[in-house]
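Structural features, examined
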Amino acid sequence: MISLIGQDRIQLAQTLATVGVPSTQLKMRAQQIWHWVYVRGVTSFDEMLNLSKALRIELSKTCSVALPEIVKEQVSVDGTRKWLLRFPADGPDRPTPVEVETVYIPEIERGTLCVSSQVGCSLTCTFCHTGTQKMVRNLDAGEILSQVLLARRRLGDYPDAEEDLEIIAPLSGRKVSNVVMMGMGEPLFNFENVKQALLIALDDEACGFSRRRVTLSTSGVLPAIDRTAEEIRCMLAISLHAVNDELRDELVPINRKYPIAELLDACRRYPETANCRRITFEYVMLKDVNDSLEEARALVNLLQGIPAKVNLIPFNPWPESKYECSSKKQIVRFANYLMEQGFESPVRTPRGRDIFAACGQLKSVSEKTVTLK
Ligand code: SAH
Ligand code: SF4
């Protein structure tokens, strides 16, 4: 089955040509399907009422607009929702199904969907649970985007949906108002697929998210940061976590390849190229590791000249993690110092810890299977 989800307009027209749509109709049919899938949120060809019955039957023989299976849905006491999603096995390159986690975090004024880009992660940041899971494979554009479609459908964001009062969501507007690429995986190691998914999420004729509400978080894959600015132009978050190379080499090992000074140079170029106001720096608060006032001072020095906001993330523990979260007092001290120096520095409230849905706690049991020949 060919999934039409995640195909750009050109790929979709090519697929339609293979099921016999005449060339004069390709553009129109592609537009119609695009509308049904992304604006109306339908998941079967039967519902696409302006396509002829014959075409609908033809399409359903070889193509699909189905969403992944929800293996498990957990709801935290704070309304955060975590889905374990399964993508089926598909052909020789994908001999086994894989599972990833997607998290929805409702707040009063916005609802943020935290989307995964890979099954596992090839990097091994020492404080991150996903980093302990071996990299299984990249998700394709359709698999990335279908996390957004699934959440919108499940939460009732499409025009024909009935209101479900059980769901905790923002007071007004879309239930999923923001998308962050902060789930499992390093999005910039899967650049092409992430780009294709985000461009459809941002397209006004598809999901129509505003650029200010779509954020990509990276551990610092340098060459791809410039490409993100030029080709996706979404908001950027950098997982900084340390102010000197010695410590960052340890916490975020990709730093050995792309050290802090070079990373910050790319950050200086980003706002102008991507036409965004500022960059977010993420800083996980690890007790006695990176949380001293001296480090807050060094952070301020490093960020000079970059329009920046610093998100302080209290460390979320996971089984066998070797760190402790900084004390509340120390986090407040660190945040206050940054604020006095003119940097907005919100402390991220841990959400969904009771269901292991908070930053850095995601992990699925999918393992890489080696096919023996
Ligand atoms: N791979 C990307 C995006 C996913 S992680 C990246 O590293 O940026 C999303 C954020 O959660 C990152 O800033 C990451 O460093 C942070 N994080 C990872 N483990 C954490 C933990 N145990 N507690 C708090 N934050 C964590
Ligand atoms: Fe991968 Fe990001 Fe976790 Fe590092 S913090 S291991 S890059 S998911």
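First things first, this report covers the structure right here in the doc. Fair warning: this is a prediction, and the values are worked out from it, not measured in the lab.

Calculation criteria
Here the residue numbering is sequential within each chain, running from 1 through the sequence in written order. Each chain gets a letter, beginning with A, and each ligand a number, beginning with 1, in the order they are written. This being a predicted model, a pLDDT of at least 70 is required before a residue's local features are given, and a value of 80 or more before pairs of side-chain atoms are given or counted; all residues contribute to the totals for chains, interfaces and linings. Values shown for side chains rest on all heavy atoms present in the structure; no hydrogens or waters enter the calculation. Axes here refer to lines fitted to C-alpha atoms; in helices the fit is confined to the stretch in contact. Angles between the N-to-C directions go from 0 to 180 degrees. In this description a helix means any DSSP run of H or I spanning at least four residues, a strand means any run of E spanning at least two, and both kinds are numbered starting from the N terminus. Should an angle fall under 35 degrees it is called roughly parallel, over 145 degrees roughly antiparallel, and 65 to 115 degrees roughly perpendicular, with every other angle called oblique. The handedness criterion is simple: a crossing whose near helix is rotated anticlockwise from the far helix by less than a right angle is left-handed, and one whose near helix is rotated clockwise is right-handed. Contact criterion: two residues are considered in contact whenever any of their non-hydrogen atoms come within 4.5 Å of each other. Residues are sorted three ways: Asp, Glu, Lys and Arg are charged, Ala, Val, Leu, Ile, Met, Phe, Trp, Tyr, Cys and Pro are nonpolar, and all the rest, Gly among them, are polar. A pair of aromatic rings is counted whenever rings of Phe, Tyr or Trp (Trp by its six-membered ring) have centres within 6.5 Å, and the orientation is called stacked for planes under 30 degrees apart, edge-to-face for over 60 and tilted otherwise. Buried residues are those whose accessible area, probed at 1.4 Å on protein chains only, stays under 20% of the maximum for their type, while exposed residues exceed 50% and partly exposed ones sit between those limits. We call a residue near a molecule or strand whenever a single non-hydrogen atom of that residue lies within 4 Å of it. Pairing of N or O atoms within 3.5 Å defines a polar contact, subject to two protein rules: one partner must be a possible hydrogen donor and the other a possible acceptor, and residues neighboring in sequence count only if both atoms are side-chain atoms. Think of it this way: DSSP has to see at least two bridges between two strands before they count as a pair. Here, nonpolar core refers to any group of buried Ala, Val, Leu, Ile, Met, Phe, Trp, Tyr and Cys residues whose side-chain atoms link them within 4.5 Å. Each domain span listed reflects an automatic or database assignment of domains. Multiplying one less than the number of residues by 1.5 Å gives the expected span of a helix.

**Here's the deal with the packing of helix α9 (residues 293-302) against helix α10 (residues 328-340)**
Contact geometry of α9 with α10 gives a least axis separation of 9 Å together with a crossing angle of 30°. Between α9 and α10, the crossing angle belongs to the class labelled roughly parallel. Both α9 and α10 take part in a crossing whose hand is right-handed. Only Gln330, Arg333, Phe334, Tyr337 and Leu338 of α10 make contact with α9, whose side of the interface consists of Leu293, Glu295, Ala296, Arg297, Leu299 and Val300. Broken down by class, the residue content of the contact of α9 with α10 amounts to 7 nonpolar, 1 polar and 3 charged.

**Quick word on the packing of aromatic side chains**
Here the structure, examined in full by the defined rule, presents 3 aromatic pairs. A centroid spacing of 5.2 Å and a plane angle of 75° characterise the contact between Trp34 and Tyr38, whose relative ring orientation is edge-to-face. You can see Trp34 and its partner Tyr38 sitting in helix α2 (residues 26-40), 4 residues apart, about one turn around the helix. In terms of burial, Trp34 and Tyr38 fall into one category: buried.

**Some details on the site of ligand 1**
By nearness alone, 21 residues border ligand 1, and Phe127, Gly185, Ser217, Ser239 and His241 come closest of all. Thr218 has a polar backbone atom sitting 3.5 Å from an oxygen atom of ligand 1. At 2.6 Å from an oxygen atom of ligand 1 is found a side-chain nitrogen or oxygen belonging to Ser239. Looking at the shell around ligand 1, the elements that each hand over two or more residues are β10 (214-218), β12 (279-285) and β13 (308-314). Of the residues assigned to the shell around ligand 1, the class counts are 10 nonpolar, 9 polar and 2 charged.

**Focus on the environment of Leu139**
By the secondary structure assignment, Leu139 is in the loop between β8 (137-138) and α4 (141-155). Put simply, Leu139 and Ser117 are 22 residues apart on the chain and 5.7 Å apart in space, counted from C-alpha to C-alpha. For Leu139, the residues in contact, after removing those within four places along its chain, are Phe87, Val100, Ser116, Ser117, Gln118, Val119, Ile144, Gln147, Asn190 and Asn193.

**Some points on the site of ligand 2**
Taken together, the residues surrounding ligand 2 are Cys121, Leu123, Cys125, Cys128, Gly131, Gly185 and Ser219. Broken down by class, the residue content of the shell around ligand 2 amounts to 4 nonpolar, 3 polar and no charged.

**So, the sheet that holds β12**
The mixed open sheet is built from 9 strands, whose spatial order is β3-β4-β5-β6-β9-β10-β11-β12-β13. Where the open sheet ends on each side, the last strands, each with one partner, are β3 (69-75) and β13. Neighbour-to-neighbour, the strand axes of the sheet open up by a mean angle of 20°, direction not taken into account. Pairing geometry for β3 and strand β4 (residues 81-87), over 6 bridges, is antiparallel. In the strand pairing of β4, Glu73 is matched with Trp83. Those strands touched by helix α5 (residues 191-202) are β9 (178-181) and β10, and its axis lies near 160° from that of β10. Contacts from α10 reach β12 and β13, with the element oriented near 180° to β13.

**Re the nonpolar core**
Ranked by internal contacts, the top residues of the largest apolar core, which has 121 residues, are Tyr38, Phe127 and Phe281. Considering each element in turn, this core owes the most residues, 8 residues, to α4. Counting residues domain by domain, this core receives three or more from each of domain 1 (2-64) and domain 2 (69-355). Once residues lying within four places of it in the same chain are set aside, the contact partners of Phe281 are Ile238, Leu240, Leu264, Cys267, Leu303, Ile306, Ala308, Lys309, Val310 and Asn311.

**Some points on α4**
For an α-helix the count is 3.6 residues per turn, leaving residues at separations of three or four pointing the same way. When the terminal C-alpha atoms of α4 are compared, their 22 Å separation across 15 residues agrees well with the 21 Å that a helix rising 1.5 Å per residue should span. Among the 15 residues that make up α4, 13 are buried, leaving the element largely enclosed by the rest of the structure. The N-cap residue of α4 is Asp140: its side-chain oxygen and the backbone nitrogen of Gly142 are 3.1 Å apart. In the segment just after α4, Gly156 is the residue with positive phi, at about 85°.

**Structural notes on unusual backbone geometry**
The bulk of non-glycine residues show a negative phi, and the bulk of peptide bonds are trans. Phi angles above zero are rare outside glycine, and Arg233 is one such case at about 60°. Unlike most non-glycine residues, Asp288 shows phi in positive territory, near 60°. With respect to the helices and strands, the residue Asp288 is situated in the loop between β12 and α9. With a relative accessible area of 68%, Asp288 lands in the exposed category.

**Quick notes on the environment of Gln32**
Tracing the chain through its elements places Gln32 in helix α2. Classification of Gln32 as buried rests on a relative accessible area of 16%. Separated by 31 residues in sequence, Gln32 and Cys63 have C-alpha atoms that sit 15 Å apart. The residues touching Gln32, leaving out its near neighbours within four places in the chain, are Asn50 and Leu51.

Function cannot be inferred from these measures alone, as they are strictly geometric.
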